[in-house]
Amino acid sequence: MTVLVFIVSLLAAMALGMPLAFSLLVSGVALMLHLDNFDTQIVSQNLINGADNFPLMAVPFFMLAGELMNAGGMSRRIVNSAMVWIGHFRGGLGYVAVFAAIVMASLSGSAVADTAALAAVLMPMMRDAGYRMDRSAGLIAAGGIIAPVIPPSIGFILFGVIGGVSISKLFMAGIFPGILMGLALIVTWWVVARKDKVVVAEKVPFKKRISVTINAFWSYLLAITIIGGMKMGIFTPTEAAVVAVVYSLVVGLFIYREIKFKDLYGIILAAAKTSSVVMFLVAAALVSAWLITVANIPAQIVEILRPFIDNKTLLMVMLMLLVMIVGTALDFAPTVLILTPVLMPLVREAGIDPVYFGVLFIINNAIGLLTPPVGTVLNVVCGVGRIPMHDVIRGVMPFLFSQVVVMGALIAFPSLVMMPLKWLLMK
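In this text the structure is predicted, and so the values were computed from the model without any measurement.

Considering a nonpolar patch on the surface
Taken together, the side chains of Phe217, Trp218, Val242, Val246, Val250, Phe254, Ile255 and Phe261 make up a nonpolar region of the molecular surface, amounting to roughly 730 Å² of accessible area. Counting residues per element, the ones that place at least two in the nonpolar patch are helix H12 (217–231) and helix H13 (237–255). Looking at which element gives the most residues to the nonpolar patch, the answer is H13, with five residues. When you line up the elements, Val250 lands in helix H13.

Focus on the confidence of the model for the protein chain
Overall, the predicted model of the protein chain reaches an average pLDDT of 84, with 95% of residues at or above 70. At the low end of the mean pLDDT range in the protein chain sits helix H15 (residues 297–305), at 72; at the high end sits helix H18 (residues 354–368), at 94.

Considerations on the pattern of salt bridges
A complete count under the given rule lists five salt bridges for this structure. One salt bridge connects Arg76 with Glu258, and the closest N-O pair in it is separated by 2.5 Å. Pair noted here: Arg76 is in helix H5 (residues 74–86) and Glu258 is in the loop between H13 and helix H14 (264–294), with a separation of 182 residues, a long-range link. Residue classification places Arg76 among the partly exposed residues on the basis of a relative accessible area of 34%. In this structure, Asp391 and Arg394 form a salt bridge, with 3.0 Å as the shortest nitrogen-oxygen distance. Of this pair, Asp391 and Arg394 both sit in helix H20 (residues 389–412), three residues apart, which is roughly one turn of that helix. Here the residues in one salt-bridge network are Arg132, Asp134, Asp391 and Arg394, joined through shared partners.

The rules we used
- Residues numbered from 1 in each chain as written.
- Predicted model: local features only at pLDDT ≥ 70, side-chain atom pairs only at ≥ 80, totals over all residues.
- Heavy atoms only, no water.
- Patch = residues over 30% accessible without salt bridge, like charges linked within 9 Å, V, L, I, M, F, W, Y side chains within 5 Å.
- Areas by Shrake-Rupley, 256 points an atom, 1.4 Å probe, with all protein chains shown as cover.
- Salt bridge = Lys/Arg side-chain N within 4 Å of Asp/Glu carboxyl O.
- Helix = DSSP H or I, 4+ residues; strand = E, 2+ residues; numbered from the N terminus.
- pLDDT = per-residue confidence, 0-100.
- Buried < 20%, exposed > 50% of the residue type's maximum accessible area, 1.4 Å probe, protein only.

Here is the structure:
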């Protein structure tokens, strides 16, 4: 009955058009009334404590870093550098999109920001070269969802804070699966696009390749700095976010000189608006998380799934199916915030490594960004590329399937996550 009260109240509030943060608060209050434990002071204290968390400071800083990278020309230079090396191959623009998506994922951690940047730069070029736009849009959208998996990932920060899991370990564990996702897209693109009649770009002289790559040096150095700094213990994920902001600001202002001081207000304001939405969502979700624990909902979920608890692989399949179903109806952050406190007790009782589960959980939520009716990344591609939604959905299907296959492989072979993690954590 308690689970039913939580789900019905949450869905009812959302059906009335309430913003999700307020829907979470409504479901929390409904639980308190059901448990005869209503107290406004408890709600307010947990709301404040939810946002008062040091690791969460990384979220607004990474949001700001992403805005600075796009405004400062770092994202565009990454695309250009990839273009001069592999753009002359048949289907080369598709390979450029995947390569750029992987590199940009290691800079911002935001699927929406990366997808918007890639779509704005590459889709006009792909249209002029004669590429099928539905397929091109699908590839760019599928490349964008690598961002929540490769560090720095805002999804890992949210999961780590709510689930009590090491964010640094989550960051390191996400590197190899994120690369696997990119490789799967490359193979899929080669299969589906090899027979298309497109205009192949001219091969760029070697000297120009070198000059364009050198011009993008400062963009690549940021990725190396963030990942290398965290691996060597120089700074924490939160401190890495601050480093990313300062670095992007200096490069944009004084090296590439594409950011003017007068632009900073608009950039900071855009990052602040996005960050405020995420932070309020986290605070509201932690109110619900506290009440979910008090209401003993995780124990009820454990009982429902207890028949699978002795088989870790089968249990992971069931959990991933649950997350995938929820991800079709909810956006990335809400799914992470709602399901993490519910599923983590079951994961720990089953003896599944929380870091391993976290990687699969975030990959699954990232895939949810490609599934209608919500499909946030699909909406971004539609808006930037001016393509009908039904065309994008048709074009993304082979790439969506390839990402699901990668997730299935990671479920079947946990060592694909844990072995690279052990190697990366070696001093």
